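Residue-level structure breakdown
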Amino acid sequence: MNRQQILNHYRQNPRLSVLIIGAGINGIGTFRDLALQGVDVLIVDKNDFCAGASAASSRQAHGGLRYLEHGDFRLVRESLAERNRLLLNAPHAVELLQTTIPVFSWFSGLLNAPLKFMGRLQKPSARGYIVVKLGMMLYDWFTRKNRATPTHTMLTRQQALERHSHLRADVVGAASYYDCLMPQAERIGVEQVLDAEAANPAAHALNYCAVVDGSGESVTLRDDLTGESFTVQPRLVINAGGAWIDFVNRALKKPTRFIGGTKGSHIVVDNPTLAKVVNGSSVFFENTDGRLAIFMPFRDKVIIGATDLRCDQPDDAVCTDEEIDYFMQFADHILPGMQVDRSQIVFHFCGVRPLPASDVEFVGLVTREHSLRVIEPDDSIRFPIYNLVGGKWTTFRAFAEETADKTLSFLGISRKVGTEDLPIGGGRDYPRTPQARAQWLHQVSTRTGVPLDWLTALFERYGTRAEAIARHIVAGADAPLEGLPSYSRREIQFLAVQEKVEHVDDLLLRRTWIAMLGLINGPALVAIAGAMGEVLGWSADRVQQEIDRTRTLLTTRNGVPAERLTV
Ligand SMILES: Cc1cc2nc3c(=O)[nH]c(=O)nc-3n(C[C@H](O)[C@H](O)[C@H](O)COP(=O)(O)OP(=O)(O)OC[C@H]3O[C@@H](n4cnc5c(N)ncnc54)[C@H](O)[C@@H]3O)c2cc1C
């Protein structure tokens, strides 16, 4: 069903089993799981899919080494298992990420874990070689039966300096290990939405549809593209509103204080020397204030992050000048002599971690565990509300499974399908070896007529979904986009029609990495809006509105220099 058909359907049939509020990765994971079990379920988001915290993460599928220090062994074990599953199930969107942790002392930090255990740790002290080594050993131990990444090695001072020139000279050594990077994390979200709808005709997803009110058996939704409201009557509501969970409950007249969000920003810099120093390996280090920070290779760019600041108003969260100043001193601290300046920023992004409410002073110590908090029905609201509090991107599948199991038990339905080994989107039938990949590319190129080098670029972006895109591309007259010739008009049009795109920014920010990699420019913006308008039936006015909207968003929220977007 298309958007209009879904809206008409619920206007005529307001009763349904489950309404999920919030289509970040936790809501989407739950939506997919319930859809696979045959449940009639609707997921709505007031923004686009994966536009909240799920678009703002450091993009690491990781165990979270530092949580060992907090004694969160269960979380680290689960995260590592889920990281490995993601690598297996979404190989087109998750890749190995070599990581270096430089250390500057031998014994420091040994007391962090015991003090945390006794509840007396205000702020962790610097982690030395021994502590990092112990953490590394535990990391490897947790995955010994299901090894998907190489085990760690400890680098000597000399080896560390060879891997990363510019590293501070007082380094005593470094740990080297592997986690995973999800360069296009948002695609893992939207592809699950599409998988779920394809698997179950009674599962529907609507972006730009906000929950605004609730009472009795009804929840009022507002279609934000038209401003029209309608009501649905779910048997159960899942509040996956992330940092907005308490706002959603307030709209449902059930005030809560589940969340104590912290905002985190990152910048993406175009600095070839820094990219060379980073040398394909993320550098994970402690800043002067004790916070962990990262330089991460991101294709030919480098991501620098992240902050961790309390934030009660997630709608207003944006990377500020002060945060950029904070990032600018990272290089002096860890890579002295390396010049990083504001003019190199091509993009920045920010989001609010939906952490559980806590009075802890140093927010880095708040647990990243997830929990399901239930609001029971009563006279004012006749359906239970399951609230998805906390969690990490990496662990979404496990959290979704737990939520789906509880929901199925409420509905009296038994589980039919598991998601542990289920491929996602373009990870389906993925050729895993270099030979299988070469064969796949050759065969699809022959079948579709799309030249091999172009198909290879599509494969890198979309995995095996590249075949459907290639078929679409050859079915009509195509041309490279003005200002962005590595993309073509029909590729953009395929995404616009097939992937629930409503605005140009959905496509630039969450269906592709065009904006994040700093590839957008004025002519490309106009060409993309025009190509989308053709297939989405936009008037010339609407195309212009989309161009203006995207310019405003990219310049005010993502730091894209305005002059880059002029024609
Ligand atoms: C800076 C930063 C770095 C991080 N790094 C990592 C990392 O490297 N690895 C990792 O595993 N995790 C990381 N995380 C954590 C991870 O990103 C989050 O835990 C996860 O994305 C939360 O997903 P969610 O679905 O719960 O929330 P969100 O993605 O925020 O989704 C909530 C959704 O609810 C919607 N919503 C709100 N109100 C309404 C309403 N009234 N009606 C309809 N919809 C509504 C919002 O629009 C939003 O899309 C990081 C987080 C941040 C902020």
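Treat the numbers as computed from the prediction; the structure is a model and nothing was measured. (Residues numbered from 1 in each chain as written. Predicted model: local features only at pLDDT ≥ 70, side-chain atom pairs only at ≥ 80, totals over all residues. Heavy atoms only, no water.)

A few points about the overall build of the chain
For clarity, the cut-off: The helix count covers DSSP runs of H or I at least four residues long, the strand count covers runs of E at least two residues long, and both are numbered beginning at the N terminus. Atoms counted for the radius of gyration: C-alpha only. Globule rule: 2.2 Å times residue count to the power 0.38. As used throughout, the charge tally considers Lys and Arg to be positive and Asp and Glu to be negative, leaving His and the chain termini uncounted. For this purpose, a charge sits on NZ of Lys, CZ of Arg, CG of Asp or CD of Glu.
Within the chain, the regular secondary structure consists of 19 helices and 20 strands. In terms of C-alpha radius of gyration, the chain reaches 23 Å, essentially the compact-globule figure of 24 Å for 567 residues. In the chain, the 62 positive side-chain charges and the 64 negative ones have mean positions that sit 4 Å from each other.

Concerning the site of the ligand
Heads up, the condition is: For each residue, the test is whether any non-hydrogen atom lies within 4 Å of the molecule or strand; if one does, the residue is near. Polar contact criterion, stated in full: a pair of N or O atoms within 3.5 Å, where within protein one must be able to donate a hydrogen and the other to accept it, and residues adjacent in sequence count only if both atoms are side-chain atoms.
Near the ligand lie 35 residues; those nearest to it are Asp45, Ser54, Gln60, Gly391 and Thr394. Here Val211 contributes a backbone N or O atom positioned 3.0 Å from a nitrogen atom of the ligand. In the environment of the ligand, an oxygen atom lies 3.0 Å from a nitrogen or oxygen atom belonging to the backbone of Trp393. Sorting the residues of the shell around the ligand by element identifies α2 (25-36), β8 (209-215), β11 (262-269) and β16 (345-353) as the ones contributing at least two each.

Considerations on the side chain of Glu78
What counts, and what does not: Only protein chains enter the accessibility calculation, which uses a 1.4 Å probe; a residue whose area is less than 20% of its type maximum is buried, one above 50% is exposed, and one in between is partly exposed. In what follows, a contact means two residues having at least one pair of non-hydrogen atoms within 4.5 Å.
Residue placement: Glu78 occurs in helix α3 (residues 73-89). By relative accessible area, Glu78 is classed as buried at 15%. Ignoring anything within four residues of it in the chain, the contact list for Glu78 reads His370, Thr395 and Ala398.

Things to note about the domain arrangement of the chain
Heads up, the rule is: Domain start and stop points were drawn from an automatic or database domain assignment. As a working definition, buried area equals the accessible area (1.4 Å probe) given up by two parts on being put together, with both sides summed. A carboxyl oxygen of Asp or Glu within 4 Å of a side-chain nitrogen of Lys or Arg is what we treat as a salt bridge. Each residue receives one of three labels: charged for Asp, Glu, Lys and Arg, nonpolar for Ala, Val, Leu, Ile, Met, Phe, Trp, Tyr, Cys and Pro, and polar for the others, Gly being one of them.
Domain parsing of the chain yields domain 1 (3-53 + 186-258 + 368-411), domain 2 (96-181 + 261-359) and domain 3 (434-565). Measuring from the centre of the C-alpha atoms in domain 1 to the corresponding centre in domain 2 gives 34 Å. In this assembly, 11 residues from domain 1 lie in contact with 11 residues from domain 2. Both sides of the domain 1 and domain 2 interface together cover about 1,000 Å² of buried area, and 58% of this is carbon and sulfur. Counting the contacts that link domain 1 with domain 2 gives one salt bridge. Measuring nitrogen to oxygen at the nearest pair gives 3.0 Å for the salt bridge that ties Lys46 to Asp315. Among the residues forming the side of domain 1 that touches domain 2, the class breakdown is six nonpolar, two polar and three charged.

As for the state of the cysteines
Selection criterion: Disulfides are defined as pairs of cysteine sulfur atoms found within 2.5 Å of each other.
One pass over the structure, following the stated rule, counts zero disulfides. With no disulfide of its own, Cys311 lies 7.2 Å from the sulfur of Cys350, the closest cysteine sulfur. Taking relative accessible area as the criterion, Cys311 reaches 13% and is therefore assigned buried. With no disulfide of its own, Cys319 lies closest to Cys350 among cysteine sulfurs, the gap being 6.6 Å. The buried category is assigned to Cys319, whose relative accessible area is 7%.

Quick word on the packing of helix α14 (residues 452-462) against helix α15 (residues 466-474)
Applicable threshold: Helix axes use the C-alpha atoms of the stretch in contact, all axes being lines fitted to C-alpha atoms, and the angles between their N-to-C directions lie in the range 0 to 180 degrees. Roughly parallel here means an angle under 35 degrees, roughly antiparallel means over 145, roughly perpendicular means 65 to 115, and every remaining angle is called oblique. By convention, the crossing between two helices is left-handed when the near helix turns anticlockwise from the far helix through less than a right angle, and right-handed when the turn is clockwise.
Running from N to C, α14 and α15 cross one another at 135°; their axes reach a closest spacing of 9 Å. Taken together, the axes of α14 and α15 are oblique relative to one another. Handedness of the α14/α15 crossing: right-handed. Between α14 and α15, the residues in contact are Trp454, Leu455, Leu458, Phe459 and Tyr462 and Ala466, Ile469, Ala470 and Ile473, respectively. In terms of residue class, the contact of α14 with α15 is built from nine nonpolar, no polar and no charged.

Some points on the packing of helix α13 (residues 434-448) against α15
Two measures define how a pair of helices packs: the angle their axes make with one another and the distance between the axes. The N-to-C vectors of α13 and α15 enclose an angle of 25°; their axes lie 10 Å apart at closest approach. The orientation of α13 with respect to α15, classified from their angle, is roughly parallel. Considering the relative orientation of α13 and α15, their crossing is right-handed. Contacts between α13 and α15 pair Trp440, Val444, Arg447 and Thr448 from the former with Ala466, Glu467, Ala470, Arg471 and Val474 from the latter. Tallied by class, the residues present in the contact of α13 with α15 amount to five nonpolar, one polar and three charged.

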